[in-house]
Amino acid sequence: MSTGLIIALIVIVAVVVAVAAVLTLRARGPRHGASLKRRFGPEYERAVARHDGDTRAAERELSERVERHGPLQVRPLEPAERERYEARWTAAQERFVDAPREAVAEADRLIAELAGTRGFPAGGQYEEQVAALSVHHAHHVEGYRRVHRVAQTHPDGAHDGAAGTEDMREAMVEARALFEELVRPSRHDGGRRGAAGERTAAPATRRDGHRTPSLLHRRQAKES
C-alpha cells in the first residue's frame, strides 16, 4: 500500500470520527443543557452571563461543579448547634439598626461558618465554598455572594449614606434565605426535627425581614 493511500485513509477516518463526535455533542447538548438549567436555575443564567453568552463554556463550568461537589455529604446539625446559629443570626439582625456594617460582616462570617459546619469547604475557601453551595443551594447562593461583597466593601472612612445602608439591608434579607436553608432540619436529619424545628419556627415574626427595615426607617426619620 502506497504512502499516499495510507495518508488518505487516515484523513478519511479522522473526518468520520470528527463528524461522529459533533453529531453526538449536538444530540446530547440540548438535553444536558436543560438538565443544568433545571438544577441551577438563576445560577445557570449567571454562569452564561459571566461567559459572555457562551452557553457551552457555562455548561462545562457547571458540569465540573456538579462532578466536584455533587457527591458532598451534608452533615446534620445538632439541636444545640441550630439554636446557637439562630440566636447569632437574630442578634446580627437586631444589631443592624445601630451598626449595619458590623451586622453584615457578622452575617457573612456566620454563613461561612455554618456552611463549614454542614460539611461544605471551609477554612477561608470562599470561592470553593460558594461553588459547592451553588450545586446544593443554587436558588439562594447569590444572597451569600451579595452579603460577602458588601461585607468586603470598605467605606473609606466615610459614613454610610442612605443608599449604602439600603444595600446592606437588602443583602442581609437576601442572604437570610440561604441561612434558613442551611440551618433548618433536612429530610435526612431523621428524628431531629422535633422541638428544634418548633423553636426554629417560633421567632419567624422577628426574622421575616420586616422588623429591621421598619426600625431603620424610624431611625432615619428621627435623624432627618
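The structure we're discussing is the one just above.
Residues numbered from 1 in each chain as written. Predicted model: local features only at pLDDT ≥ 70, side-chain atom pairs only at ≥ 80, totals over all residues. Heavy atoms only, no water.

*Asks:* Would you mind showing me how to read the pattern of salt bridges here?
*Replies:* A side chain of one charge can pair with a side chain of the opposite charge when the charged atoms of the two come close. Using the criterion set out here, one finds 16 salt bridges in the structure. Across the salt bridge formed by E174 and R146, the nearest N and O atoms sit 3.0 Å from each other. Of this pair, E174 sits in helix α8 (residues 162-183) while R146 sits in helix α7 (residues 141-152), and the two are 28 residues apart along the sequence. With a relative accessible area of 30%, E174 lands in the partly exposed category. By relative accessible area, R146 is classed as partly exposed at 23%. A salt bridge links E180 to R176, with the nearest nitrogen and oxygen atoms 3.5 Å apart. (Salt bridge = Lys/Arg side-chain N within 4 Å of Asp/Glu carboxyl O. Helix = DSSP H or I, 4+ residues; strand = E, 2+ residues; numbered from the N terminus. Buried < 20%, exposed > 50% of the residue type's maximum accessible area, 1.4 Å probe, protein only.)

*Asks:* For this particular structure, what's the right way to read the side chain of D108?
*Replies:* With respect to the helices, strands and loops of the structure, D108 is situated in helix α5 (residues 100-117). R109 is the oppositely charged side chain nearest to the buried, salt-bridge-free D108, at an N-O distance of 6.9 Å. Excluding residues that lie within four positions of it along the chain, D108 makes contacts with Y144, V147, H148, A151 and Q152. (Lys, Arg positive; Asp, Glu negative; His and termini not counted. Contact = heavy atoms within 4.5 Å.)

*Asks:* I keep staring at the side chain of E43 and nothing clicks. Help me out?
*Replies:* One can find E43 in helix α2 (residues 42-50). Residue class for E43 comes out buried when judged on its relative accessible area of 2%. Polar side-chain contacts of E43 include one of 2.9 Å to the side chain of R65. Residue contacts for E43: discarding those within four places in its chain leaves R65, S134, A138, V141 and R145. (Polar contact = N/O pair within 3.5 Å; in protein donor to acceptor, adjacent residues only side chain to side chain.)

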